[in-house]
Amino acid sequence: MAQITDSVGEFRRKRRRELLTFAVLAFGIWPVLAVGVVGGYGFLVWMYQVVYGPPGPHDVRPAPPGSAE
């Protein structure tokens with residue numbers, strides 16, 4: 001009987017530890033990591049545009065006379 005009681009107690013401790021680990025991952029580490037990745041990507045795009053300029057049309061030339069445009 002003592003062995004059954006010990007295994008139940010061990011099961012409860014293991015389950016509590018797994019739930020705590022899940023809570024830390026789900027509500028602590030993963031949200032911070034997600035915000036960091038999205039913020040890092042935004043920062044890289046911003047720095048790229050600082051160096052190379054914003055996206056948009058380049059070398060816009062008027063249509064030659066007599067064209068269909």
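Above this text you will find the structure in question.
In this text the structure is predicted, and so the values were computed from the model without any measurement.

Asker: Can you tell me about the packing of aromatic side chains, naming the residues and giving the values?
Answerer: Per the stated rule, a full pass over the model turns up 2 aromatic pairs. Residues Tyr 48 and Tyr 52 carry aromatic rings whose centres are separated by 4.9 Å and whose planes lie at 40 degrees to one another, so their mutual orientation is tilted. Here Tyr 52 and Tyr 48 lie together in helix α1 (residues 2–52), a separation of 4 residues that amounts to about one turn. Each member of the pair, Tyr 48 together with Tyr 52, is exposed.

Asker: Go over a nonpolar patch on the surface, please, and point to the residues and values.
Answerer: A contiguous nonpolar surface patch, about 930 Å² in accessible area, is contributed by Phe 43, Leu 44, Trp 46, Met 47, Tyr 48, Val 50, Val 51 and Tyr 52. Here Val 51 is to be found in helix α1.

Asker: A description of the environment of His 58 should follow, citing residues and the corresponding values.
Answerer: Here His 58 is to be found in the segment after α1. On the basis of relative accessible area, His 58 is assigned to the exposed category, the value being 60%. Residues His 58 and Ala 26, 32 residues apart in the sequence, show an inter-C-alpha distance of 45 Å.

Asker: Lay out a positive patch on the surface with the relevant residues and their values.
Answerer: The grouping of Arg 12, Arg 13, Lys 14, Arg 16 and Arg 17 at the surface amounts to a positive patch. Topologically, Arg 12 is positioned in helix α1.

Rules used in this analysis
- Residues numbered from 1 in each chain as written.
- Predicted model: local features only at pLDDT ≥ 70, side-chain atom pairs only at ≥ 80, totals over all residues.
- Heavy atoms only, no water.
- Phe/Tyr/Trp six-rings, centres within 6.5 Å; stacked < 30°, edge-to-face > 60°.
- Helix = DSSP H or I, 4+ residues; strand = E, 2+ residues; numbered from the N terminus.
- Buried < 20%, exposed > 50% of the residue type's maximum accessible area, 1.4 Å probe, protein only.
- Patch = residues over 30% accessible without salt bridge, like charges linked within 9 Å, V, L, I, M, F, W, Y side chains within 5 Å.
- Areas by Shrake-Rupley, 256 points an atom, 1.4 Å probe, with all protein chains shown as cover.
- Salt bridge = Lys/Arg side-chain N within 4 Å of Asp/Glu carboxyl O.
- Lys, Arg positive; Asp, Glu negative; His and termini not counted.
- Charge placed at Lys NZ, Arg CZ, Asp CG, Glu CD.

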